[in-house]
Amino acid sequence: MWWENAVFYEIYIASFADSDGDGIGDINGIRKKLPYLKEFGIDALWLTPFYPSPRVDNGYDVSDYCAIDPQYGTLAAFDLLVEEAHQLEMRIIIDVVVNHTSTKHPWFIESASGKEHPKRDWYIWRDQPNNWESFFGGSAWKYDAATDQYYYHSFAEEQADLNWQNQEVKQAVFDVLQFWLGRGVDGFRFDVINNLTVSDQFIDNPVRKDGKQDHCNDVNQPGIKHVLKELNQWIKTVDPSIFTVAEISSDQLARINSYTEDGLFDTAFHFNLGSMEELDLEKLTRDFKEMSRQKKIPTLFFNSHDMSRSWQRLAKENRDIYRLLTVFLLINRGIPFLFQGEEQGVGDYLPQQLADIRDIQAKNKYQEELILRGKSHALIMANQVNRDRSRGMLPWLSNQQSGWIGLAAVNQEAKGILADYQNLIRLQKTEGPFTAIRNIELTGDCLSYQTESLQIILNFGQPIKHSLEGNRKTIFGNGMLSEDGHWVHLPAKACWIGKEQL
Ligand code: NOJ
């Protein structure tokens, strides 16, 4: 299928590219950047939510699934974007946020209007809350005085969870997917799709010694796979080439992969590697070995709109380490998902005061810490979980203004980094697809592996001498081959890719 060899690029619209001078990214801004994206090798775009929304969670609180937020443009602009991308042989997948809707969505407004309303059961209403906590902090239940019941929200209280036990909800979502398929999209990214509430058991979650809750009764509920199979089967019946990727809220490899079993999603986001807090080569190697054996092709990424950028988080602003990670991403078996700006090594944006924080998770954290430890500490703690860090406006121009959030930090080595991405994607296209990874080994801080035709050595540590398999010539990186061709000498923090000579 097309997506097995595609390089994806995530666009967080508000901070990508602005076309009308309001300092906020928009759909026409994406259209303008299509030639740039094509030029450096992108095959498919993932657009984060662009639907009308009160933007409590910056678009992940949708109030109309079949329209465009006027801040971002119009349906006509969207249609042009799809058409122009297709002309350039690029595909577009869109974000589908159907675990919850905004409480401003007409479905919720109707549901909240009375206990007898036919849409009452589209959401999860209970007379009494249980102990479930929201992933953004605090209770996951909100009292509604008008009807004297509580509704469930696994994220913000303005994001009410849909009831996936209700058959009409499922049908309404199929209608939404049909709407976008009719406009030519090539696939869907399903937001927190293992959170769907499909059971009415509502058993309290166990609380650990550290006071944190084990979310074992509110996610991955029994019966969820059945619903998700139906969803995927419906999509594949419309057109088997439509791509589905699941966002599973877990960093456990086995859990993530359980959602790509037969009949489920084409793939899922591998947060086990993608969201590592620190570069941990042993974990990386362990999981890499397992992922190389798995049947369904994994995703590979080190960045997204939900975490600090890998330039800071993993590479610690070291250009050489950043390059090694780029090789791992692109010369491998896996679907790379790049996040806007990483190809230029842009860095985190860090708000300096509460008023500049947009991310609801960080705002909540600030309030929590303020009570406990005071103002200056609250800002530090909030920024530690602040998803605004990766959402800084992309600094395309030196005089760029931002209309909603500060600018992402410019990388002085942006040009060289972009050249690396471009060269490695070219290499992936000429030498790939890489379907079999062999001989994965971690020796000290040096990770090596082989694809069908290439030997890859990523030396994260001190200078080393690494043995070679067969007769190889250098095609990327900076290592020096020994005269007899049996060894390559790599400087510290360097990579080397060699191709078999026939
Ligand atoms: C996952 C999205 O990536 C994140 O940005 C959002 O806040 C939650 N889902 C809730 O929709």
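Just so it is clear, the model here is predicted, and its values are computed rather than measured.

Asker: So what about the overall build of the chain? Which residues, and what values?
Answerer: Along the backbone of the chain there are 13 helices and 21 strands. Relative to the compact-globule value of 23 Å for 502 residues, the chain shows a C-alpha radius of gyration of 23 Å, a close match. With respect to the principal axes defined by its C-alpha atoms, the chain has extents near 80 × 55 × 50 Å. By the burial criterion, 58% of the 502 residues in the chain qualify as buried. Looking at the chain alone, contacts between residues at least 24 apart form 66% of all its contacts between residues at least 6 apart. Carbon and sulfur atoms provide 49% of the accessible area of the chain, an area that totals close to 20,500 Å². Computed over 51 positive and 70 negative side-chain charges, the inter-centroid distance for the chain is 3 Å.

Asker: For the site of the ligand, give the residues involved together with the corresponding values.
Answerer: In the neighbourhood of the ligand, 13 residues make up the surrounding shell, with Asp 57, Asp 191, His 305, Asp 306 and Arg 387 lying closest. Measuring from an oxygen atom of the ligand, one finds a side-chain N or O atom of Arg 189 at 3.2 Å. The separation between an oxygen atom of the ligand and a polar side-chain atom of Asp 191 is 2.7 Å. For the ligand, the accessible surface in isolation is 300 Å², of which the surrounding protein chains cover 98%. Taken together, the residues that form the shell around the ligand break down as four nonpolar, two polar and seven charged.

Asker: Go over the sheet that holds strand β18 (residues 472-477), please, and point to the residues and values.
Answerer: Taken in spatial order, the five strands line up as β14-β15-β16-β21-β18 in an open sheet, and their pairing is antiparallel. Edge positions in the sheet fall to β14 (438-443) and β18, since each has one partner strand and no second. Strand-to-strand twist of the sheet, defined as the mean angle between neighbouring strand axes without regard to direction, takes the value 15°. Two strands pair when backbone bridges link them, and strand β16 (residues 454-459) and strand β21 (residues 494-500) are joined in this way by six bridges, in the antiparallel orientation. Its bridge partner being in β21, Ile 456 is matched across the sheet by Ile 497. Along the sheet, helix α8 (residues 281-293) contacts β14 and β15 (446-450); its crossing angle with β14, the most-contacted strand, is approximately 170°. In the packing of helix α13 (residues 414-431) onto the sheet, contacts are made with β16, β18 and β21, and the angle to β18 comes to roughly 145°.

Asker: Break down the layout of surface pockets for me, citing the residues and quoting the values.
Answerer: In this model, the second largest pocket occupies a volume close to 320 Å³. Considering the residues around the second largest pocket, the lining is formed by 19 residues, among which Glu 4, Asn 5, Ile 297, Pro 433 and Phe 434 are closest to the centre.

Asker: Please set out unusual backbone geometry residue by residue, giving values where relevant.
Answerer: The omega torsion across Gly 432 and Pro 433 is -5°, close enough to zero to call that bond cis. Note on placement: Pro 433 falls in the loop between α13 and β14. Within the chain, Asn 58 stands out as a residue other than glycine whose phi angle is a positive 40°. Judged by relative accessible area, which is 13%, Asn 58 ranks as buried. Non-glycine residue Val 192 carries a positive phi angle of around 25°. With respect to the element layout, Val 192 can be found in the loop between β9 (187-190) and α5 (224-238). Accessibility expressed as a relative area gives 5% for Val 192, which makes it buried.

Asker: Can you tell me about the side chain of Ser 199, naming the residues and giving the values?
Answerer: Among the secondary structure elements, Ser 199 is positioned in the loop between β9 and α5. Owing to a relative accessible area of 15%, Ser 199 belongs among the buried residues under this scheme. In terms of polar contacts, Ser 199 uses its side chain to reach the backbone amide nitrogen of Gln 201, at 3.1 Å.

Asker: Residues and numbers for the nonpolar core, please.
Answerer: Membership of the largest hydrophobic core comes to 137 residues, with the highest contact counts inside it found for Leu 45 and Phe 188. If near-sequence neighbours (up to four positions away) are discounted, Phe 188 is found in contact with Ile 93, Ile 94, Val 96, Leu 177, Trp 180, Leu 181, Ile 235, Ile 242, Phe 243, Thr 244 and Val 245. Judged by nonpolar contacts, the second largest core, of seven residues, contains Cys 446, Ile 457, Leu 468 and Leu 490.

Asker: So what's going on with the pattern of salt bridges? Residues and values would help.
Answerer: Charged atoms that come close allow side chains of opposite charge to pair. Evaluated as defined, the whole model comprises 29 salt bridges. The salt bridge partner of Asp 95 is Arg 189, with a shortest N-O separation of 2.7 Å. Taken together, the residues span a long stretch of sequence, with Asp 95 in strand β3 (residues 91-96) and Arg 189 in strand β9 at a distance of 94 residues. The pair Asp 95 / Arg 189 is uniform in exposure class, with both members buried. Across the salt bridge formed by Glu 369 and Arg 373, the nearest N and O atoms sit 3.1 Å from each other. Pair noted here: Glu 369 and Arg 373 are both in helix α11 (residues 360-373), with a separation of four residues, about one helical turn. For Arg 373, a relative accessible area of 48% puts it in the partly exposed group.

Asker: Could you give me a rundown of empty space enclosed by the protein, with the residues and numbers involved?
Answerer: Scanning the model with the defined rule gives six cavities of 30 Å³ or more in all. Empty space within the largest cavity amounts to approximately 80 Å³. What lines the largest cavity is simply Glu 10, Trp 46, Arg 189, Glu 247, Phe 269, Phe 271, Phe 301, Asn 303, Ser 304, His 305, Asp 306 and Phe 337. By residue class, the composition of the lining of the largest cavity is five nonpolar, three polar and four charged.

Calculation rules
- Residues numbered from 1 in each chain as written.
- Predicted model: local features only at pLDDT ≥ 70, side-chain atom pairs only at ≥ 80, totals over all residues.
- Heavy atoms only, no water.
- Helix = DSSP H or I, 4+ residues; strand = E, 2+ residues; numbered from the N terminus.
- Rg over C-alpha atoms; globule rule 2.2 N^0.38 Å.
- Buried < 20%, exposed > 50% of the residue type's maximum accessible area, 1.4 Å probe, protein only.
- Contact = heavy atoms within 4.5 Å.
- Areas by Shrake-Rupley, 256 points an atom, 1.4 Å probe, with all protein chains shown as cover.
- Lys, Arg positive; Asp, Glu negative; His and termini not counted.
- Charge placed at Lys NZ, Arg CZ, Asp CG, Glu CD.
- Near = heavy atom within 4 Å.
- Polar contact = N/O pair within 3.5 Å; in protein donor to acceptor, adjacent residues only side chain to side chain.
- Nonpolar A, V, L, I, M, F, W, Y, C, P; charged D, E, K, R; others polar.
- Pairing = 2+ DSSP bridges.
- Axes fitted to C-alpha atoms, helices over the stretch in contact; angles between N-to-C directions.
- 1 Å grid on protein atoms, 1.4 Å probe; cavity = no way out; pocket = protein on both sides within 12 Å on 5 of 7 lines; lining within 4 Å.
- Points joined across faces, edges and corners; volume = space filled by probe spheres on them.
- Core = buried A, V, L, I, M, F, W, Y, C linked by side-chain atoms within 4.5 Å.
- Salt bridge = Lys/Arg side-chain N within 4 Å of Asp/Glu carboxyl O.

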